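As a plain string of letters, each chain reads:
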Amino acid sequence: MHPRQILDRYGIAPKQSLGQNFLYDEGLLARIAAAAELSPADAVLEIGPGLGALTRQLAQAAGRVVAVELDDRLLPVLRYELEPFANVEIVHGDILSFDPASRFDGPFVVVANVPYYITGAILRRLLEGWPRPRRMVMTVQREVADRLAAKPPHMSLLAVSVQYYGRVKLIGTVKAGAFWPRPEVDSAVIRIDVDAKHLERRESTDFTDDTDWRASSSVKSVKSVDSSASEAAYFRVVRAGFSEKRKQLKNNLRQLGLGDEAIAAALEESGIDGRRRAETLSVGEWETLAASLRL
Ligand code: SAM
């Protein structure tokens, strides 16, 4: 059924402030669910189930689906639409306050057609939290998808932050007309496969508060005492490296307070030319540089 018909039945209008643009092409929804490669052994976190169209597909493929929806007006719709699926748990709440440990005891899979204004904040919260997603399939703004999947020399703080955790792949694009109401921009489906090494132990990160990575200032960084030293060092170095857009790397790294000689030595040890700009470095180069700086 068309989303408009469902909403009319409940006397609800879509809220633009909550990014409510609903996907309704069953074929497209099936392709998004298929990109997550779910099996009955999987536990899924769906962010913003809306009217439950994607949730139904997920419920048929996964063992368990936890669907977190902020808009209380949609809860009766979700309860009705998902009633046949005993493996779906509907949670009323804000994903930015959701604690994965309250529902998952190990790595889970995220599938979401997310409100665009909180894409960065969602990525940050889930990737820095524990337990972590081992895979994320997200429908995001096309431009954000391109930034997430960027390669040198087009990296950004967002790209090096997300790609630190895993591989980002562009699955496909979605035209604005596939949504109702129709958004102003096209979208794309991306998949992030988190590296096994980041799923092994409990870690948390002192992330940057740069707006490039934080799409929402309402999110607080969740720090944990057992934060991995190499992870913390990585984020200190990339934060310094990207601190001023047009400056060369060696100048931006002064922010670390180490002195020019130490910085030059670390750059030489890493085989990185200090005149380069931050956008040209790969995640591997940042990791090597962070190790050489011995923070
Ligand atoms: N999954 C549905 C689909 O694909 O048609 C709806 C997607 S719609 C783009 C985004 C959904 O996220 C809406 O249902 C909206 O109410 C919900 N939402 C917005 N902000 C949220 C938040 N902070 N936490 C949880 N859900 C949120």
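Bear in mind that the values here come from a model prediction, so they are computed numbers and not experimental data.

Brief notes about the environment of Ser282
One can find Ser282 in the loop between α10 (260-270) and α11 (283-293). Spatially, the C-alpha atom of Ser282 lies 37 Å from that of Gly93, the residues being 189 residues apart in sequence.

Structural notes on the site of the ligand
In the vicinity of the ligand lie 22 residues, with Leu23, Gly48, Glu69, Asp94 and Asn113 positioned nearest. Here Pro49 contributes a backbone N or O atom positioned 3.5 Å from a nitrogen atom of the ligand. Contact between the ligand and Glu69: an oxygen atom at 2.6 Å from a side-chain N or O atom of the residue. In the complex, the protein chains occlude 98% of the 590 Å² of accessible area that the ligand would expose alone. Taking a 2 Å distance to the grid points as the criterion, the majority of the atoms of the ligand fall inside the largest pocket.

Remarks on the sheet that holds strand β5 (residues 108-113)
In a beta sheet, neighbouring strands pair by backbone hydrogen bonds and run either parallel or antiparallel. One open sheet holds the seven strands; their spatial order is β4-β3-β2-β5-β6-β9-β7, and the pairing between them is mixed. Sheet topology places β4 (88-92) and β7 (166-174) at the edges, where each strand pairs with a single neighbour. On average, adjacent strands in this sheet sit at an angle of 15° to one another, irrespective of strand direction. Pairing between strand β6 (residues 133-141) and strand β9 (residues 187-194): seven bridges, direction antiparallel.

Re the domain arrangement of the protein chain
By convention, interface size is frequently given as the accessible area that disappears when the constituent parts associate. Examined at the domain level, the protein chain breaks down into domain 1 (3-199) and domain 2 (228-293). The C-alpha centroid of domain 2 is placed 33 Å from the C-alpha centroid of domain 1. Contacts between domain 1 and domain 2 engage 13 residues on the former and 14 residues on the latter. When the buried surface of domain 1 facing domain 2 is broken down by residue, Leu157, Val160 and Tyr164 rank first, second and third, together holding 49% of it. Remark: the boundary between domain 1 and domain 2 carries two salt bridges. The salt bridge partner of Lys197 is Glu287, with a shortest N-O separation of 3.8 Å. Run the count over domain 1 and domain 2 and you get four residue pairs in polar contact (both at pLDDT 80 or more). Residue classes in the side of domain 1 that touches domain 2 are distributed as seven nonpolar, four polar and two charged.

Things to note about the environment of Ile118
Its place among the elements puts Ile118 in the loop between β5 and α5 (119-128). Spatially, the C-alpha atom of Ile118 lies 23 Å from that of Asp195, the residues being 77 residues apart in sequence.

Observations regarding unusual backbone geometry
Trp130 connects to Pro131 through a cis peptide bond whose omega is -10°. Note that the residue after Pro152, namely Pro153, is joined by a cis bond; omega there is 10°. Along the chain, the position of Pro153 falls in the loop between α6 (142-148) and α7 (157-165). Backbone geometry places Glu37, a non-glycine residue, at a positive phi of 45°. Take Glu37: it is sitting in the loop between α2 (26-35) and β2 (43-47). Judged by its relative accessible area of 51%, Glu37 is exposed. With a phi close to 45°, Arg294 is a non-glycine residue in the positive phi region. Looking at the element boundaries, Arg294 is found in the segment after α11. Of the residues examined, Arg294 reaches a relative accessible area of 58% and is grouped as exposed.

Examining the layout of surface pockets
Quantified by volume, the largest pocket comes out at close to 640 Å³. Together, 41 residues line the largest pocket, and Gly48, Pro49, Gly50, Glu69 and Asn113 are the ones closest to its centre. Looking at the lining of the largest pocket, the element that brings in the most residues is helix α3 (residues 53-61), giving three residues. A breakdown of the residues in the lining of the largest pocket according to their chemical character gives 25 nonpolar, nine polar and seven charged. Within this model, the second largest pocket holds a volume of roughly 300 Å³. Every residue lining the second largest pocket is counted, 14 residues in all, and those nearest its centre are Gln16, Gly19, Asn21, Pro183 and Glu184.

Cut-off values and rules
- Residues numbered from 1 in each chain as written.
- Predicted model: local features only at pLDDT ≥ 70, side-chain atom pairs only at ≥ 80, totals over all residues.
- Heavy atoms only, no water.
- Helix = DSSP H or I, 4+ residues; strand = E, 2+ residues; numbered from the N terminus.
- Near = heavy atom within 4 Å.
- Polar contact = N/O pair within 3.5 Å; in protein donor to acceptor, adjacent residues only side chain to side chain.
- Areas by Shrake-Rupley, 256 points an atom, 1.4 Å probe, with all protein chains shown as cover.
- 1 Å grid on protein atoms, 1.4 Å probe; cavity = no way out; pocket = protein on both sides within 12 Å on 5 of 7 lines; lining within 4 Å.
- Sits in = over half its atoms within 2 Å of the grid points.
- Pairing = 2+ DSSP bridges.
- Axes fitted to C-alpha atoms, helices over the stretch in contact; angles between N-to-C directions.
- Domains from an automatic or database assignment.
- Contact = heavy atoms within 4.5 Å.
- Buried area = accessible area lost by both parts, 1.4 Å probe.
- Salt bridge = Lys/Arg side-chain N within 4 Å of Asp/Glu carboxyl O.
- Nonpolar A, V, L, I, M, F, W, Y, C, P; charged D, E, K, R; others polar.
- Buried < 20%, exposed > 50% of the residue type's maximum accessible area, 1.4 Å probe, protein only.
- Points joined across faces, edges and corners; volume = space filled by probe spheres on them.

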